[in-house]
Amino acid sequence: MIQDLRFGVRMSLKQPGFAAIAIIVLALGIGANSAIFSVVNAVLLRPLPYPNADRLVMVEETSPEFGNAPVSIPDFNELIKHNQTLEQVAAYRSEELTLTGRGNPERLTGDQVSNSYFQMFGIILQAGRSFAAEEHNPGYANVVIISHRLWHRRFGADPNLIGQTMTLDQQSYTVVGVMPRDFQLSPATDVWLPLTFTSEELGERGNFSLTVIGRLKQGVTIDQAQEQMSAITRRMGPPFPDMAKDVLSVRLEPLHARLVNNIRMNLLVLWGAVGFVLLIACANFANLLLARATVRRKELAVRAALGAGRRRLVRQLLTESVMLALLGGASGLLLAAWGADALLAISPDQIPRLGEVRINGWVIGFTLSLSLLTGAVFGLIPALQQSRIDLIRSLNDGASVSTTGFRLLRHHRARSLLVVFEIALALVLLVGAGLLIKSFMRLLDVDKGFAPENVLTMHLELPKTRYSKAHQTNAFWQSLFERIKKLPGVQNVAVTSSLPLTKMGAITSIKIAGLAPEKLPVVDDSQAGGLPPMPGGGFAVSAVYSAISHDYFRAMGVQLRRGRQFDEQDIENKPPVVIISEKMARRYWPNAEAIGQRINPGFEGSTWFTVVGVVTNVRHFRLEAEARPEMYFPYRQISGGNTARMMSVVIRTTVAPETLANAVRKQVWSVDADQPITELATMEEKLGTVMTARRFNLLVLGAFAALALALAALGIYGIMAYHTAQRTHEIGVRMAMGARKRDVLILALGQGIKLTIAGLALGLVAAFALTRLMKSLLFEVGPQDPETFVGVAFLLGAVSLSACYLIARRASKVDPVVALRFE
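This one's a predicted model, so the numbers in the text were calculated from it and none came from an experiment.

## Let's talk about the overall build of the protein
Within the protein one finds 23 helices and 23 strands. Buried positions account for 52% of the 823 residues belonging to the protein. Restricting the contact set of the protein to residue pairs at least 6 apart, pairs at least 24 apart contribute 82%. Per element, the accessible surface of the protein, about 37,300 Å² overall, is 57% carbon and sulfur.

Below is the structure:
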């Protein structure tokens, strides 16, 4: 083996160009695979970093009527009391808190956690202690544990912070601990508080608010735990007295699967795509080895004549190919480190566990295994072919006399098949990238229903301690409007309870005056969900609603189709009015005018609202989702509860909106110095955030497709150059006998055209079968879109034929005298 390695090194140093090309080709293929594997390993393959993570499950309640939901507080207590299949159960619920008293006010995300939370996940705090059991009793003590990120960002990693106080929602909390840096279950959480329940909450079975996680006992299956826990909830009866048939059961799902479900298919598609890139690189590598082995035919014949058996020759050739593959893998590992950083830089926030992505022992082992496999498998074909030696022909100086036509194709069949294989794989990748590009363009062109240009937005949640009355919230918004309008470049200012693409509008049941149940259209609106008939007459239908100020449509660029917009007179104690979307108007008044119709929303104590306007449909939830029937109410006419305290501010400007960000902050704090501001960004930035996941898929798959195209072009260029070189003597004879340059050009192009057509045909069949896996990633484009298939085939065909043409053109310029002396 040492002797074979020494000889392989000498051969590579004698042909540094060949060695460099082989190593680069493999480095590109192996490096891309290792980079993607580092993400797949961290997100999909590695177990969660918690004790006995394989037995952690997410616990939900479910029913045929409402589907899956978090667990209610009474049910959680019953499950803890009577559960026999889980050895540990923990719960938490999230809330928003305002931090004041230490610099600018800030909105924090907090988790109220049960007593077993820290033990469940084996959390060892960076500093301080976890919660004591008595601290989960209501009113016992206000204590808080902060995230490592908040500790550094807001408190400068002060080691003396433990025992000090911080103000959250105008209440003083004692800091008792700091979370470790690498805790990833809730990456957005800033503070943790003890979970406590009021006496009212302990009886609210319909309040599904707890995220519950359990650890199965050793030997207990998910099905067994589900059945035992469902029996507990069934014994408790229905959650709502008027729905006697709606009995809850329990659904369990492995925690790891729950965390990665939304991203699994995306990563697997990308891993499959990068696998194609590796196969193309391997095909090029095998072609390079075949070309070099042909040149070394006489050397191998001499070795065989001196007594080397076929096994000895195969071992030598395999050793050389594995050596090159390992060098390519080592170079690829360097590329993977850079590629993993690039992937993290462009990856969407929806991908969980990104903080665990790194080039570790698993990635290095994967790269080593891939390199060994590549060198052995794709070096075996050339080794087996070249170890069959005809000593007499190989040692004869004229052994390389060229052949023509079909005999030449048969002689180099392996190389030709590899090129066909490369073209087919490249076409599959290019079709996938083409489908994503077309989907992305369709998504950009979709009618959003609003104009995102020159719009600055921010979210404000007014604390209930200071804004518990409607007149207090109204005074705040009115003062803020007046101040912001005075800023230079501000055109319109408004607020909304539901900013498009960032916050889901609330869904409510409504009654429609004059429409009997049998007259209403039966619509399967899976996005909005149907609601049953309402007791007492009328028919309940679901619709999305938003509370807005009178200038909202102008500020957001929503077009009025009919009727009027809200004005400053649409306030409390004035006739209740509502503006609806075109979709709602068409659905419930297809043959009548919607203006003047009356709607009764399902708000507590609500009355009948008169439709005064119809506006364009707005895609509030996702660009991919159709707009739902929607209603807009003046926020001052439905300002009960929390509606008017949690609003997004929309500012349309005549200048670049980001230039007004600091001035807007100052205006907010001039009204209330303790008011935190969140999500301050332009509407175009928010739109870009919504597109991040699709842009990530497009960029990564597009980069792999471009690499595949380059490798395929290189492969066909290489084999055509080799074939043409082998026929140089023949070309000289033809030209000496009177063949024109055009005839030689056609002759040289013929072989490339055959290979290209064969590769395209195979690739189209493979793409037709495989692109179905991408259906969930596409928007308004079918997985077998004919335009994409034809366009990509023409593109790849043009690139391949261009490579063939370059070689053919060079062959047509051969000097017959030189060609006749070639051998």
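Past the structure itself, the notes keep going.
## Quick notes on helix α13 (residues 413-445)
With 33 residues, α13 extends 48 Å from end C-alpha to end C-alpha; this agrees with the ideal 48 Å at 1.5 Å per step. The buried fraction of α13 amounts to 25 of the 33 residues, a majority that puts the element mostly inside the structure.

## Brief notes about the packing of aromatic side chains
Applying the stated criterion to the full structure yields 21 aromatic pairs. Pairing phenylalanine 476 with tryptophan 477 gives two aromatic rings, centres 5.1 Å apart and planes at 80°, and the pair type is edge-to-face. Assessed through its relative accessible area of 3%, phenylalanine 476 is described here as buried. On the basis of relative accessibility, which here comes to 0%, the residue tryptophan 477 falls in the buried class. Clustering of aromatic rings is evident, with ring pairs tying together Tyr50, Tyr92, Tyr117, Phe118, Phe121, Phe131, Phe183 and Trp192.

## Looking at the packing of helix α14 (residues 470-485) against helix α17 (residues 661-671)
At a minimum axis separation of 10 Å, α14 and α17 run at an interaxial angle of 145°. For the crossing formed where α14 meets α17, the hand is right-handed. Listed contacts from α17 to Phe476, Ser479, Leu480, Arg483 and Ile484 of α14 are Val664, Gln667, Val668, Ser670 and Val671. Here the contact of α14 with α17 is built from residues that sort into six nonpolar, three polar and one charged.

## Things to note about the side chain of threonine 678
Structurally, the position occupied by threonine 678 is in strand β23 (residues 678-682). Those residues in contact with threonine 678 that sit more than four places away from it in its chain are Arg107, Met458 and His459.

## Things to note about the packing of helix α2 (residues 16-45) against helix α9 (residues 310-346)
In the contact formed by α2 and α9, the axes pass within 6 Å of each other and the chain directions differ by 45°. Taken together, the axes of α2 and α9 lie oblique to each other. Considering the relative orientation of α2 and α9, their crossing is right-handed. Among the residues forming the contact of α2 with α9, the class breakdown is 18 nonpolar, eight polar and no charged.

## Brief notes about a nonpolar patch on the surface
Nonpolar side chains collect at one region of the surface, where Ile24, Leu28 and Leu335 lie side by side and expose about 230 Å² of accessible area between them. Along the chain, leucine 28 turns up in helix α2.

## Considerations on the pairing of strand β7 (residues 143-146)
Neither face of β7 is open: one carries Val143 and Ile145, the other Val144 and Ile146, and all of them are buried. Sheet analysis places β7 next to strand β9 (residues 171-178), joined by four bridges and oriented parallel. When the bridges of β9 are listed, valine 144 appears paired with valine 175. Pairing analysis gives two bridges linking β7 to strand β10 (residues 191-194), with the strands arranged antiparallel. Looking at β10, one finds that isoleucine 146 is bridged to valine 191.

## With respect to the side chain of lysine 448
Tracing the chain through its elements places lysine 448 in the loop between α13 and β13 (455-461). Salt bridges are absent for the buried lysine 448, whose nearest opposite-charge side chain, glutamate 453, sits at 6.3 Å.

## Comments concerning unusual backbone geometry
Trans is the common state for peptide bonds, and a negative phi is the common state for residues other than glycine. Its identity is not glycine, yet alanine 157 carries a phi of approximately 55°, on the positive side. Phi is positive for glutamate 679, which is not a glycine, with a value near 55°. Along the chain, glutamate 679 turns up in strand β23. On the basis of relative accessible area, glutamate 679 is assigned to the partly exposed category, the value being 46%.

## Looking at a negative patch on the surface
A cluster of acidic side chains, namely Glu453, Glu658, Glu684 and Glu685, defines a negative patch on the protein surface. Here glutamate 684 is to be found in helix α18 (residues 683-690). Judged by its relative accessible area of 44%, glutamate 684 is partly exposed.

## Side note on the confidence of the model for the protein
Taken as a whole, the protein shows an average pLDDT of 82; of its residues, 88% reach a score of 70 or greater. Note on residues 398-411: pLDDT is under 50 here. Beyond four places in sequence and across chains, it has 20 contacts.

## Structural notes on the pattern of salt bridges
As enumerated under the stated definition, the model contains 24 salt bridges in all. One salt bridge connects arginine 149 with aspartate 190, and the closest N-O pair in it is separated by 2.9 Å. Pair noted here: arginine 149 is in helix α5 (residues 148-155) and aspartate 190 is in the loop between β9 and β10, with a separation of 41 residues, a long-range link. Given a relative accessible area of 38%, arginine 149 falls into the partly exposed group.

## What to know about the environment of glutamine 565
Within the secondary structure, glutamine 565 sits in the loop between β17 (560-563) and β18 (577-581). On the accessibility criterion, glutamine 565 (16% relative accessible area) is buried. With 15 residues separating them along the chain, glutamine 565 and histidine 550 place their C-alpha atoms 7.2 Å apart. In this structure glutamine 565 touches His550, Phe553, Arg554, Leu560 and Ile579, once residues within four positions along its chain are discounted.

## Some points on the environment of proline 159
Its location among the elements puts proline 159 in the loop between α5 and β8 (165-168). The spacing of proline 159 and glycine 128 is 31 residues in sequence and 9.9 Å in space, taken between C-alpha atoms.

Rules and cut-offs
- Residues numbered from 1 in each chain as written.
- Predicted model: local features only at pLDDT ≥ 70, side-chain atom pairs only at ≥ 80, totals over all residues.
- Heavy atoms only, no water.
- Helix = DSSP H or I, 4+ residues; strand = E, 2+ residues; numbered from the N terminus.
- Buried < 20%, exposed > 50% of the residue type's maximum accessible area, 1.4 Å probe, protein only.
- Contact = heavy atoms within 4.5 Å.
- Areas by Shrake-Rupley, 256 points an atom, 1.4 Å probe, with all protein chains shown as cover.
- Expected span 1.5 Å × (residues − 1).
- Phe/Tyr/Trp six-rings, centres within 6.5 Å; stacked < 30°, edge-to-face > 60°.
- Axes fitted to C-alpha atoms, helices over the stretch in contact; angles between N-to-C directions.
- Left-handed = near helix turned anticlockwise from the far one by under 90°.
- Nonpolar A, V, L, I, M, F, W, Y, C, P; charged D, E, K, R; others polar.
- Parallel < 35°, antiparallel > 145°, perpendicular 65-115°, else oblique.
- Patch = residues over 30% accessible without salt bridge, like charges linked within 9 Å, V, L, I, M, F, W, Y side chains within 5 Å.
- Salt bridge = Lys/Arg side-chain N within 4 Å of Asp/Glu carboxyl O.
- Pairing = 2+ DSSP bridges.
- Lys, Arg positive; Asp, Glu negative; His and termini not counted.
- Charge placed at Lys NZ, Arg CZ, Asp CG, Glu CD.
- pLDDT = per-residue confidence, 0-100.

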